[in-house]
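Residue strings, one per chain:
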Amino acid sequence: MNKIHIAGLGAMLYFIVRSTFMILLLPLLLSYKQDGLLICVIGSLLGYFLFSIILSLFKRNQEPDIICYLDKKLPIGIDFVINAVLAIIFFALGWLILIRLVDFTHLQYLRELPLFTIAGLYIVVSIFLAMKDFETISKASLIFLLISLVLLIIKTVGLWGQIHVENLFPLFTHSLLDILKASLIYAFMTTIPLFLLLLVNKKQIEPQKDLQKKIKGTYLFTEAILFLHVFLILTVLGANLTLIYHYPEFHLLRNVKILGFIDKLESILSIQWIIDMMICISLCFIYTKTFLCHYFQKLFPKLYNKINKN
């Protein structure tokens, strides 16, 4: 059995949460202007408790993956409906991230190339990764995580002198009820995609000692990075300016300066987003593939075995 180091699993968690955040949640947070930072904090705390529920499933699961677990534990028919809904959600999430990635690449890097050409390149890479086992993906994720963190450090250092804390005020420009509603949305949308981690066979992970504690720690670490990201956007660009830009995070990178004179690093630093999104897209496609294979094998075992032999 292939082994997956806990650090590799944590790296996959990081990419899942960051990708969902960049595509779905950052626009929501910035629409609340200064209160977006409050929503990020409250939503992270609520998400921590929701993630603990997901981990309880992970702890109880003795099957190879969550799809098999739901198939065994739920009544016939209900298991298929729930698994199908989850597969559709993750396929849609992967497709949405892919569309945004293609659009971003076209606008910022490859204006001369047609959109379908860029999309084709990303789809080929995603399918290639989706055909690999989790040991390979976890190792690749760990390497990409190190690259991503180095780029994050460069970005933070390059922007630190341009922070204006006064841009965070006034707070509570929205009602407390609206802030709580947005926080709940934030919590659900950062934790539901983490069902993707339940595709990993728990028995493959090593070391097993303090496994859940380490995974929870990685979640909190990732949320702290997301908080830093929102903090930098609001304090450097300002709440009103962020609403004008289609990709405010890219314009934020245009302000990065190292040693006072090394600038125009946005094309290099934004590689971080491509890395984040490609891992998440691949995991979404793996979930869809696993769902289709599981029920194809269950409904047509002879045909499935014949195809596998060939």
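## Side note on the overall build of the protein chain
- Looking only at helices and strands, the protein chain features 13 helices and 2 strands.
- Against the 2.2 N^0.38 benchmark of 19 Å for 310 residues, the protein chain shows a C-alpha radius of gyration of 20 Å, consistent with a compact globule.
- Taken over the C-alpha atoms alone, the protein chain extends approximately 65 × 45 × 35 Å along its principal axes.
- Within the span of the protein chain, comprising 310 residues, buried residues form 50% of the whole.
- Considering only contacts within the protein chain whose residues lie at least 6 apart along the sequence, 84% involve residues at least 24 apart.
- Accessible surface computed for the protein chain: about 15100 Å², of which carbon and sulfur atoms make up 71%.
- In the protein chain, which carries 27 positive and 18 negative side-chain charges, the distance between the mean positions of the two groups comes to 8 Å.

## As for the side chain of Thr 190
- Structurally, the position occupied by Thr 190 is in helix 7 (residues 176-191).
- Thr 190 sits in the buried class, given a relative accessible area of 0%.
- For Thr 190, the side chain forms a polar contact with the main-chain oxygen of Tyr 186, separated by 2.9 Å.
- One polar contact links the side chain of Thr 190 to the main-chain carbonyl oxygen of Ala 187, over a distance of 3.2 Å.
- Ignoring anything within four residues of it in the chain, the contact list for Thr 190 reads Val 17, Leu 25, Tyr 219 and Glu 223.

## Some points on the packing of helix 1 (residues 6-31) against helix 7
- Packing of helix 1 against helix 7 brings their axes to within 10 Å, and their N-to-C directions diverge by 160 degrees. The pairing of helix 1 with helix 7 is recorded here as roughly antiparallel in orientation. Here helix 1 runs over helix 7; the crossing is right-handed. Contacts between helix 1 and helix 7 involve Val 17, Thr 20, Phe 21, Leu 24, Leu 25, Leu 28 and Leu 29 from the first element and Ala 182, Ile 185, Tyr 186, Met 189 and Thr 190 from the second.
- Of the residues assigned to the contact of helix 1 with helix 7, the class counts are 10 nonpolar, 2 polar and no charged.

## Brief notes about the environment of Thr 20
- Along the chain, Thr 20 turns up in helix 1.
- On the basis of relative accessible area, Thr 20 is assigned to the buried category, the value being 1%.
- Sequence spacing of Thr 20 and Lys 3 is 17 residues, and the spatial spacing of their C-alpha atoms is 27 Å.
- Here Thr 20 is in contact with Leu 25, Leu 93, Met 189 and Pro 193, once residues within four sequence places are set aside.

## Considering the confidence of the model for the protein chain
- In this model, the protein chain carries an average pLDDT of 84, and 94% of its residues clear a pLDDT of 70 or more.
- Per-element mean pLDDT across the protein chain ranges from 62 in helix 11 (residues 266-269) up to 93 in helix 7.

## With respect to helix 5 (residues 115-130)
- Taking 1.5 Å of rise per residue, 16 residues should cover 22 Å, and helix 5 covers 22 Å from first to last C-alpha, within 8% of that figure.
- Among the residues of helix 5, those classed as buried are Ile 118, Ala 119, Tyr 122, Ser 126, Leu 129 and Ala 130. Projected down its long axis, helix 5 shows its buried positions confined to an angular sector of 105 degrees, all on one face. With respect to the buried face of helix 5, the exposed residues turned more than 90 degrees away are Phe 116, Leu 121 and Val 124.
- Each element contacted by the buried residues of helix 5 is listed here: helix 4 (78-108), helix 6 (134-159) and helix 12 (271-299).

## Quick notes on the pattern of salt bridges
- Enumeration over the complete set of coordinates arrives at 4 salt bridges.
- Across the pair Asp 79 and Lys 298 runs a salt bridge, and its minimum N-O distance is 3.8 Å. Placement of the pair is Asp 79 in helix 4 and Lys 298 in helix 12, with a sequence separation of 219 residues.
- Using a relative accessible area of 2% as the deciding quantity, one classes Asp 79 as buried.
- Residue Lys 298 is classed as partly exposed on the basis of its relative accessible area, which comes to 42%.
- Salt bridges here are not isolated pairs; linked through shared partners, they connect Asp 71, Asp 79 and Lys 298.

## Some details on the packing of aromatic side chains
- Using the criterion set out here, one finds 11 aromatic pairs in the structure.
- An aromatic cluster is built from Phe 80, Phe 291 and Tyr 295, whose rings are joined through pairwise contacts.

## Details of a nonpolar patch on the surface
- A contiguous nonpolar surface patch, about 660 Å² in accessible area, is contributed by Leu 46, Phe 80, Val 81, Val 85, Ile 89, Leu 184, Phe 188 and Ile 192.
- For the nonpolar patch, the secondary structure elements donating two or more residues are helix 4 and helix 7.
- Sort the elements by how many residues they give to the nonpolar patch and helix 4 lands first, with 4 residues.
- The residue Val 85 is located in helix 4 in this model.
- Taking the relative accessible area as the measure of exposure, Val 85 reaches 44% and is therefore partly exposed.

Conventions and cut-offs
- Residues numbered from 1 in each chain as written.
- Predicted model: local features only at pLDDT ≥ 70, side-chain atom pairs only at ≥ 80, totals over all residues.
- Heavy atoms only, no water.
- Helix = DSSP H or I, 4+ residues; strand = E, 2+ residues; numbered from the N terminus.
- Rg over C-alpha atoms; globule rule 2.2 N^0.38 Å.
- Buried < 20%, exposed > 50% of the residue type's maximum accessible area, 1.4 Å probe, protein only.
- Contact = heavy atoms within 4.5 Å.
- Areas by Shrake-Rupley, 256 points an atom, 1.4 Å probe, with all protein chains shown as cover.
- Lys, Arg positive; Asp, Glu negative; His and termini not counted.
- Charge placed at Lys NZ, Arg CZ, Asp CG, Glu CD.
- Polar contact = N/O pair within 3.5 Å; in protein donor to acceptor, adjacent residues only side chain to side chain.
- Axes fitted to C-alpha atoms, helices over the stretch in contact; angles between N-to-C directions.
- Parallel < 35°, antiparallel > 145°, perpendicular 65-115°, else oblique.
- Left-handed = near helix turned anticlockwise from the far one by under 90°.
- Nonpolar A, V, L, I, M, F, W, Y, C, P; charged D, E, K, R; others polar.
- pLDDT = per-residue confidence, 0-100.
- Expected span 1.5 Å × (residues − 1).
- Arc of directions from axis to C-beta.
- Salt bridge = Lys/Arg side-chain N within 4 Å of Asp/Glu carboxyl O.
- Phe/Tyr/Trp six-rings, centres within 6.5 Å; stacked < 30°, edge-to-face > 60°.
- Patch = residues over 30% accessible without salt bridge, like charges linked within 9 Å, V, L, I, M, F, W, Y side chains within 5 Å.

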